[in-house]
Structures are given as C-alpha cells and as structure tokens.
Amino acid sequence: MHQMSMALYRFLAAIGRTQVMANMLGTAALIAIYILGGFVISKDSLQPWLRWGYWTSPFTYAQNAVALNEFLDDRWATEFHYANANTVGETILKVRGLLTEWHWYWICVSILFGFSLVFNILSIFALQFMRSPHKHQVNINAKKMKVLCNSQIVGNGSASTDQVILPFRPLSLVFDHINYFVDMPKEMVKYGVTDKKLQLLQDVSGAFRPGVLTALMGITGAGKTTLLDVLAGRKTGGYIEGTIKIAGYPKKQETFSRISGYCEQSDIHSPNLTVYESLQFSAWLRLPSNVTSHQRNMFIDEVMDLVELTGLKNAMVGVAGATGLSAEQRKRLTIAVELVASPSIIFMDEPTTGLDARAAAIVMRTVRKTVDTGRTVVCTIHQPSIEIFESFDELLLMKRGGQLIYSGSLGPLSSNMIKYFEAIPGVPRIKEGQNPAAWMLDISSRTAEYEIGVDYAEIYQRSSLYRENRQLIDDLGKPEINTEDLHFPPRYWQDFRAQCMACLWKQNCAYWKNSEHNVVRFINTFAVSIMFGIVFWKIGSNIKDEQDVFNILGIVYGSALFLGFMNCSILQPVVGMERIVLYREKAAGMYSTMAYAIAQVAVELPYMFVQVFIFSAIVYPMIGFQMTATKFFWFALYMVLSFLYFTLYGMMTVALTPNIEIAAGLSFLIFIFWNVFSGFIIGREMIPVWWRWVYWANPAAWTVYGLMFSQLGDRTELIQVPGQPEQTVKEFLEGYLGLQDRYFNLVTSLHVAIIALFAFLFFLAIKHLKFQRR
Ligand SMILES: Nc1ncnc2c1ncn2[C@@H]1O[C@H](COP(=O)(O)OP(=O)(O)OP(=O)(O)O)[C@@H](O)[C@H]1O
Ligand SMILES: [Mg+2]
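Criteria and cut-off values
Residues numbered from 1 in each chain as written. Chains lettered and ligands numbered in written order. Predicted model: local features only at pLDDT ≥ 70, side-chain atom pairs only at ≥ 80, totals over all residues. Helix = DSSP H or I, 4+ residues; strand = E, 2+ residues; numbered from the N terminus. Buried ≥ 20, exposed ≤ 12 C-beta atoms within 10 Å, placed from the backbone. Contact = placed C-beta atoms within 7 Å. Domains from an automatic or database assignment. Nonpolar A, V, L, I, M, F, W, Y, C, P; charged D, E, K, R; others polar. Pairing = 2+ DSSP bridges. Axes fitted to C-alpha atoms, helices over the stretch in contact; angles between N-to-C directions. Core = buried A, V, L, I, M, F, W, Y, C linked by C-beta atoms within 7 Å. Near = placed C-beta within 6 Å. Expected span 1.5 Å × (residues − 1).

J.: What exactly am I supposed to notice about the overall build of the protein here?
T.: Summing up its helical and strand segments, the protein has 30 helices and 14 strands in all. Referenced to the eigenvectors of the C-alpha coordinate spread, the extents of the protein come out at roughly 105 × 55 × 55 Å. Taking all 774 residues of the protein together, 42% fall into the buried category. Here the contacts in the protein between residues at least 6 apart in sequence split such that 75% fall between residues at least 24 apart.

Written out as structure tokens, the structure reads:
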C-alpha cells in the first residue's frame, strides 16, 4: 500500500506540475480511492454499475488483504451462521461486503504491487513527455507593445524635468556614531569566540541630503544592508547605538515610516495583481487621506511614466522567475510602489543587482529622475559600470567590519574619490580606462590593506574630509529656524475602515485573478459533489439495516472532512505568499494587522458560500435526504461551519509556523487525529475512555454529530442489526453511536466557539509572531 501510494502521488505530481494543481489531483485521488475502497460505503451498497470503481481502487485490495489476514485467524473461528458464512470472522467480512477466501490475500498483494509498478512507469512517461508549465512571460498585445516601445524611446530621450504634483517636504537624514551589535551567532561560539556580541557597524557617521544621490558601497559582507536596515528602522533584532536625525529632529519610527520608502533587495509583490493595482493599493494607504482619488490616480500615472511602466499598466505581476514581469520590470515596480507614497527619503538596496547592463541603465535612469525631484536617495550598489557609478553624487564606502573609509562627493569623473585614495602612501594608481568603482574596491579589500600596511578606517578618521563631514553633520543635525518636527496625528494615513476596505479590495482583486486557485477549488467541489452523489445515490431515502446507517455516516463523514481539508491545503500557499508581502507593507506602515486579518478572512467568505451551495445543491438531493427546508438548512449550515473552521485552521497554521511546508505537515497531522476520532472510523462509545477527550475536542466529530443527528435524529423506521432485536434508527443512533438530543445544541455552539478561537489565534499569530529575521 505504501509503495503504491508513493508511486501514485509521484505520478500525480508529475502530471499536475504546479503545487496547486498537484494538491488538487492529490486530494481528488485520495477522496476517490477512499470513498470507492469499500470502507466508507460497502461494496454491496454500491450501485451495481459502480462496482468497477470498487475494483479499480487500490484501497480495496489493501483493505481486503488486511481484513482477510485478521478475520480468518483462529481467534475469529467461533462457529456462527449467517447467510453462507460459518464463523464469526467470515460473518464480519460478509456483512462488510469483503472477500472471504484466503487465496485472495495473495492476489490482493500482487495487484497492489502491480499498481505501484504501473504508476511508476506512468510517472516516467509524464516526466519525459509533459512540458513544464508557465513558460509565458507577460502577455502584452500588439497595441500595448507599441505604447511600451514608444514610452521607452521617450524615456531615453527626455531630460529629467518631470514635475511631480504631490508636494513633499525635502528632508535630510543625519546619523552620528552608529554602532550595531547582534548576539554572537552560535556557529561562531563553536569556533571558540568568547565575546557575547558581534559588532556589525562601528562608529558610522554621515549625512544624506535632498537632491543628492548617495552610493553606499563596500565589498560583500561589509555591512551595507545592515546600515540601511538600521537607518530605516527595519532591524528585527540586535542593539543599536547612536543618534539618527531627520531634518535636525531625532528620528521617530512612526513618523519616519510615513515619509520614507525602502526598496528591498528582493522584489516582494502580490503575484495576482496587475502593476496598476499594486500601485493603487500602495498609494491608497500611503498617501494622506485628504488626497482625493482623482489626484491619487493622476499621481500614479505620473509615477508610472517616471519609471516607464505605463505600457505594462495591466500586466500581471506574477511569481518571480516564473510568470509575469521580468526581473528588471519587477525592480522598477518595487521602486514605483515606494514612489507612489511620495516619500522624502528613499533607501534602495542593490537596485541593479542581477540585471543586465541595459536593464540596470533603465533602473538607474529612474533613480536619477527621482533624485532630481528633490528627494533624498541612498542606494547600495554592487559592481556598477562606469556610467552608473558616475551618475552618483556622493559615495559612502565601507570596509568589512562595518567601518567607514570614505564619505564625500565623487567629483567629476570620480576625481575627488580617486585623489583621496591616491594620496595615501603605497596605494597603486588607477590605470588608464579602469573602472574607478572596481579600482576602489580592489585597493580597499582586506588583503590589499594588509599588503600596503594601512588601516583605511584610521586614515579616514584623521583626514580633512572627516572634519568636513563632522561639520556637515553638526550643521544638518540642528533644525533650521522656522521649521517644526514632523507630526502626524493618527498612526496610519487612513482610518481603520478605509484600511479594511483597501485590504479587502486588494485581496479581492488577487483572489479573483488567481485562476488556478479558483479553478481547482470549484472544479474539485463540483467533481467531489457529483462523485458523492453517484456513490451514495439515494442511500438516505431507504434505511433498512445497520449497514445503511453506516453508509449515511460515511457520506456525512466524507462531507465533514474532505472538502474542508482540501480548502485548507490549497489555501496555505496563498496565505503564505501574502504573509511575505504583509511584512513589507507593515514595515511601510500601511495598515494595522487587524485590517489585514479581517480582509484575509472576509475575502474567503463568498467563495466558500458558493462552494457550500454547489455541494449542498448536488449532494443533498442525490443522496436522497428528506426534502424539508429545516433539514436542508441544517445540512447547509453545518457545511458552512465546517468549511469555516477548516479555512481558519489553514490560515492559523500558516501564521503559527515559519513556512508553508511546516504548516502543511502540522495540519495534516492534526487532520489525521480529526479523521480517526470523528466518530466514523471508531464510534465514540468504543473509543477507550482515556482517548475520549480527543473526540470531544475534535471539530470534525462535532460536524459529523450535528449532520447525523439533524438528518436522522427523528427517524423512526425499524432497522435490522445482526445479533440484536429490531430497533428504530433513532434508538440505534443513541445506543450504538451515542448521538443524543442533549448534546446537539452544545455541538452547534462549539462550532461557533472554535471558529472564533481559530480566528483569534490567527490574528494573534499574524500580529505577534515574526518569522522574518534581519
Ligand atoms: N543578524 C545577524 N547575525 C549575525 N551576523 C549578521 C547578521 N546580519 C548580518 N550579519 C553579518 O554582517 C555582515 C554584514 O552583512 P550585510 O548583509 O550588511 O552585508 P552587505 O554589505 O549588505 O553584503 P552584500 O553585498 O553581500 O549584500 C555579514 O558578514 C553578515 O554575515
Ligand atoms: Mg546586502
């Protein structure tokens, strides 16, 4: 069985090809194999024309083999005559519709082996012949393409005189004697380092001014990103010393996030939005609430022009490296998302890394235009070409260990910087035509420093350049007369209601366009409903014996668990992806976590209601439950409640765990418990006493209870139970399954309680657990 399952799922993954698709096929296959395997509904209760389904389910063979092995044992050999069975064991097999002769055991084993062989061979074929999905990049039709080309030409030619309509206040940023420490990493403690703390920045001071483009450079590991994170207040751990001032006033993080933008090195965007929607969302929540939506849209258009994204307005963002925008377009989107907030100070971490020369030039042109609007911009940058390097005004150079070794203007053709370093004795002169950036990094590397025998950091501290910088820092560190500190009364630009609306609008756009997710969801719901309907055709209308009740219990159990769990598992990747975006948007101070959480839950509801509607409308009449309004209402209500807790459970597990693999693992583990103790596989009365609390703590069990009782709790037809007197359905439910009147209300309220609990935990976890470390 195990080999067969692995082969089957390998095969499904190979033909599904994307995670969502594979998840869907996996769930669908699981449901089909399980339902048709003779356990949930016995073979004899299946429609004659569905028997083939029984014989094609691998589960059938596994179940038969295991059952034969057990019930043909001597322990079960006590004589008992029922139909043409002669022992207790055979009777059990017969009643359950299973095979009764021993030779079938080996046949079943061989068939299972055959299944695993076939599935493995099929997966080889699938891997060989099926092409990888998602090869398409952005789809732009010819007309749009023309616009795009034109805009690029205009972009190339135009001088950078774009006028931005939204006012912003030009602000300088000064930082003085910044030290940053982290707790000593465990790996280094192992190597015998005894210090408690590791210093990543040492006494770094400097100033960034409006309209000046500053490059932050240094070899890899020098501490560039660390410095940006510290200045922008994006560090989640560690200890910061020193002062940071904005326009002469001490920096406060709440106000700072309102006037600054941070383009992170990784371009994190919701994949299912268009470029325009991403910008609208950012502008909506990051511009003052007195900006009208008309002004906002005009401003967005202007920003799109500035970063040359107008032609891609309606292109989907997509997943990095797979669909949608190319790396360079994503980078420009990252910049645009920050720009539409009209920030005064912008940090960019390696905006050109990973781009080819042309793409890097486009991005740098964007950056340059931004600076020329009078904003303060700082970029960390790696291996720039000469042109890119010379488009910067100032340079901040760091060496390993987080020390500053140069801070000042580059000068024409980088002459100031070259002069400074060449004046240091022993430093080799720059060669004719050499890239000054490359030369500078070369001579300041640790080995070069060692060869020449100097400490650049020390030299810098004694230089006249340093004294000039001190003077500048002191000047900019004092507020100008007639200015006042930044002050924004509420914590966010928009009030709570608007935040909820914006988040819901965004989630809704993203959900609607996530076609794979929707297709999987609704096709699966439809397919499972039809399958349940066919397999359990009319079993609810004619109850004659014990097995009929078990079959109904089977459909109820299937309804309570499978679709809900499918929802939970296809939801997790979506929620996991959004959480990464949440971290960025929270850091930018766009909305409160509560607004986000409410939107995330609310956007699910309509989709869920449609699912429940499809399921109930198909399954309920097909299985022949009584057509009364009350009973249908109870059925639909329990389905809604069960979908709700599964959905919230899925969200909660994502919020509680660092990644979706762990979330999936955890929810599957719990799902097994919910499954086993739902009252179907083993009735409540038969669960050992010390395990019975699991039944009562199990929402799936409550759903099965509620569905069973609301459908059959008042049925009084007599049924046959082997070895017992005839009894009514109601009595059987009470006596054998322990489903009584008195717990019914409790069970219904427990649903509501667990939904509230999961929602609450989801919110708490999203708010307080940060799995992002920087
Ligand atoms: N939280 C942390 N704990 C321990 N060490 C850290 C931590 N964060 C960064 N470092 C170390 O600090 C140094 C500086 O890191 P940082 O990411 O700032 O470098 P960088 O200059 O941005 O390099 P790159 O050019 O590769 O992006 C690195 O050696 C890094 O390993
Ligand atoms: Mg870095």
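J.: Looking at this structure, I do not really get the domain arrangement of the protein. What am I missing?
T.: Buried accessible area, meaning the area lost when the parts come together, often serves as the stated size of an interface. Structurally, the protein comprises domain 1 (1–132), domain 2 (143–476) and domain 3 (494–774). Its C-alpha centre places domain 1 at a distance of 26 Å from the equivalent point of domain 3. Between domain 1 and domain 3, the contact holds 21 residues from the first and 22 residues from the second. For the side of domain 1 that touches domain 3, the element with the highest residue contribution is helix H2 (residues 19–36), accounting for eleven residues. Classifying every residue of the side of domain 1 that touches domain 3 by side-chain character gives 14 nonpolar, seven polar and no charged.

J.: Got a minute to help me understand the sheet that holds strand S3 (residues 173–183) in this structure?
T.: Backbone hydrogen bonds hold the strands of a sheet together, and the pairing may be parallel or antiparallel. With antiparallel pairing, the four strands of this open sheet are ordered in space as S4-S3-S6-S7. A strand with exactly one partner marks an edge of an open sheet, and here the two such strands are strand S4 (197–208) and strand S7 (249–250). Inspection of the sheet shows strand S6 (residues 239–246) paired to S7 by two bridges, in the antiparallel sense. Among the inter-strand pairings, Ile-246 is bridged to a residue of S7, identified as Tyr-249. Sheet strands in contact with helix H20 (residues 464–476) are S3 and S4, and its direction is about 75 degrees off that of S4.

J.: Looking at this model, I keep getting lost on the nonpolar core. Mind explaining?
T.: In terms of nonpolar packing, the biggest core is built from 206 residues, with Val-303, Ala-336, Val-340, Leu-648, Val-704 and Met-708 touching the most fellow members. Ranked by residue count, the leading element in this core is helix H23 (residues 546–587), at 20 residues. With residues up to four places along the chain from it excluded, the contact list for Val-704 reads Val-556, Tyr-557, Ala-560, Ser-678, Gly-679 and Phe-680.

J.: Honestly, the site of ligand 1 in this entry has me stumped. Any pointers?
T.: Around ligand 1 sit 13 residues in total, of which Thr-220, Gly-221, Lys-224, Thr-225 and Thr-226 are the nearest. Elements represented by at least two residues in the shell around ligand 1 include exactly S4 and helix H9 (224–232). The greatest single-element share of the shell around ligand 1, amounting to three residues, is contributed by H9. Tallied by class, residues from the shell around ligand 1 come to five nonpolar, seven polar and one charged.

J.: For this particular structure, what's the right way to read unusual backbone geometry?
T.: Leave glycine aside and you will find that most residues have negative phi; peptide bonds, for their part, are mostly trans. Although it is not a glycine, His-177 sits at a positive phi angle of roughly 50 degrees. For His-177, the position within the fold is in strand S3. By C-beta crowding, His-177 is classed as exposed, having 12 other C-beta atoms within 10 Å. The backbone of Ala-247 shows a phi angle near 50 degrees, a positive value even though the residue is not glycine. Mapped onto the elements, Ala-247 comes out in the loop between S6 and S7.

J.: Is there a simple way to explain the sheet that holds strand S11 (residues 394–399) in this structure?
T.: Spatial ordering of the open sheet is given by S8-S9-S10-S5-S11-S12, a layout of six strands whose pairing is mixed. Among the strands making up the open sheet, the edge pair consists of strand S8 (260–263) and strand S12 (403–409). Sheet twist, expressed as the mean angle between neighbouring strand axes with direction ignored, is 15 degrees.

J.: What is the right way to look at helix H30 (residues 744–768) in this model?
T.: Given 3.6 residues per turn, any residue in an α-helix points the same way as the ones three and four places further on. Taking 1.5 Å as the rise per residue, H30 with 25 residues should run 36 Å; its terminal C-alpha atoms sit 36 Å apart, in good agreement. Residues of H30 that are buried include every one of Val-747, Leu-750, His-751, Ile-755, Phe-758, Phe-762, Phe-763 and Ile-766, and no others. Of the surrounding secondary structure, the elements contacted by the buried residues of H30 are helix H24 (593–622), helix H25 (629–656) and helix H28 (699–712).

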